[in-house]
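Results of the structural survey
Here is how the chains run, residue by residue.
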Amino acid sequence: MKHTACPNCSHTDIYEFHELKNAPTQSLVTIKDYQEAINIPRKNINLGFCQNCGFIFNTTFDTSIDYYTKGYEDQQGFSPTFKKFISEITERVLNRYDIHNKDVIEIGCGKGDFISLVCELGNNRGIGIDPAFVPGRTKPNPNLSFISEFYSEKHGALPADCICCRHTLEHIHGTNEFLKTIRNSIGDRKDVILFFEIPDITRILKIQAFWDIFYEHCTYMSPLSLGNLFRANRFEVLDMYVEYDSQYLFIEAKPVDEISTKKHPLELSIPEMKDLIEEFKSKIGVTLDSWTKRLTEFKEKGLKTVVWGGGSKSVGFLTNFDHIGAIDHIVDINPHMLGNYIPGIGKQYASPEFLKEYKPDVVIIMNGVYKREIGDMLNNMGLNPEIIPL
Ligand SMILES: [Zn+2]
């Protein structure tokens, strides 16, 4: 399966610049059985750069796989660091556009944590839409309801002063189709605020964050491609910013009648993006080799090495190094992940408490933002391993 046209703008001037072979096709799915985890199909990821709109995507992404309706785990709300971050971001956007006592829709709401927060902080009425919604994971709220479906134009009939979409667009191959659906569902209304959050490819390119490249993410946005996508679908970009150690890119936008020409200062030019891509290309091999060397040394010295932080980042990381056999355990604080097996890799998630008895020598943290939180937890357990944050 080869996508020769850009899903963001339909142009065919695509420059392929990175291949990752045999990546597990799923990373968030919940799997209770070792064999089932190992049997998850593996496919190649080929990152291509659209030289017209700046969009980066997996040109060989298989759109026929059912990624999300079989149950997945992606809740981040178990971390105090994340809770603080998301509360501050939400408070800010609610105040900025006075989203209080309003109707808010979240597309791709997961377990409902965010839409629940939006309702709680702004006394809003909320509807979460997600085909894989699991009831019972958020505090009951009479102003909050959920629809277990993929978002479609018919949901335009729902009342919405604000449409949120966090960490969903990177899983959607047909980005232009998706935005078009949202724009059509809004129709003539001009007072709707869109609030989207997505990983920023800019940081991945700059620091060769290879652990953030995995199969379930078919779409890799930068401010440039995101701005182009919103403008092409008759939205005006109100603001964009990056947060969480520059990992997450936010956009605030509103519908307009004509194509907006307003660009945001964060948007690089196509040549500037191309320079970042060339830099990534020249450095990624060295980065991967140095990790291979490091992990091989850990293995040879008999050091007990664990990865802290499950989900897609650990799959992205281990896809490159699992064959070395240096890492036996993956730790995560999400209690719903415990006992599950990592797709494609086959290792079973363990709880932080497991480390008390295991006594690791090295802990590799999949998201450096949690360095302090995890360091404190390790200290409280009387452990003092070498900590390597990504
Ligand atoms: Zn394009």
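My aim in this report is to walk through the structure given alongside it, one point at a time. As the structure is a computational prediction, the values presented were derived from the model and not from experiment.

Protein-derived ligands of the zinc ion are Cys-6 (SG), Cys-9 (SG), Cys-50 (SG) and Cys-53 (SG), with the metal-ligand distances lying across 2.3 Å. Coordination at the zinc ion is tetrahedral, judged from the four donor atoms that bind it and the angles of 103 to 114° they form at the metal. Each donor residue of the zinc ion lies on the same chain, and together they follow the pattern C-x2-C-x40-C-x2-C. Placement of Cys-9 in the segment before strand E1 (14–24) and of Cys-53 in the loop between strand E2 (42–50) and strand E3 (56–58) is noted, with a sequence separation of 44 residues between them.

What follows deals with the side chain of Asn-124. Position of Asn-124 among the secondary structure elements: in the loop between helix H3 (113–122) and strand E5 (125–129). Classification of Asn-124 as buried rests on a relative accessible area of 0%. At 3.1 Å, the side chain of Asn-124 forms a polar contact with the backbone nitrogen of Asn-101. Within the structure, Asn-124 has its side chain in polar contact with the backbone oxygen of Val-118 (distance 3.0 Å).

Before going further, it helps to examine the sheet that holds strand E10 (residues 235–243). With respect to topology, seven strands assemble into an open sheet ordered E6-E5-E4-E7-E8-E11-E10, the strand pairing being mixed. Two strands bound the open sheet, and with one partner strand each, they are strand E6 (144–147) and E10. Across the sheet, the axes of successive neighbouring strands diverge by a mean angle of 15°, strand direction being ignored. As paired strands, E10 and strand E11 (residues 248–255) are joined by eight bridges and run antiparallel to one another. The residue of E11 that forms the bridge with Met-240 is Ile-251. Along the sheet, helix H2 (residues 80–96) makes contact with strand E7 (162–166), strand E8 (193–199), E10 and E11, crossing E10 at roughly 150°.

Definitions and limits used
- Residues numbered from 1 in each chain as written.
- Predicted model: local features only at pLDDT ≥ 70, side-chain atom pairs only at ≥ 80, totals over all residues.
- Heavy atoms only, no water.
- Donors = N, O, S within 2.8 Å, 3.2 Å for Na, K, Ca; no water.
- Tetrahedral: all angles 85-135°; square planar, octahedral: opposite > 155°, others 65-115°.
- Helix = DSSP H or I, 4+ residues; strand = E, 2+ residues; numbered from the N terminus.
- Buried < 20%, exposed > 50% of the residue type's maximum accessible area, 1.4 Å probe, protein only.
- Polar contact = N/O pair within 3.5 Å; in protein donor to acceptor, adjacent residues only side chain to side chain.
- Pairing = 2+ DSSP bridges.
- Axes fitted to C-alpha atoms, helices over the stretch in contact; angles between N-to-C directions.
- Contact = heavy atoms within 4.5 Å.

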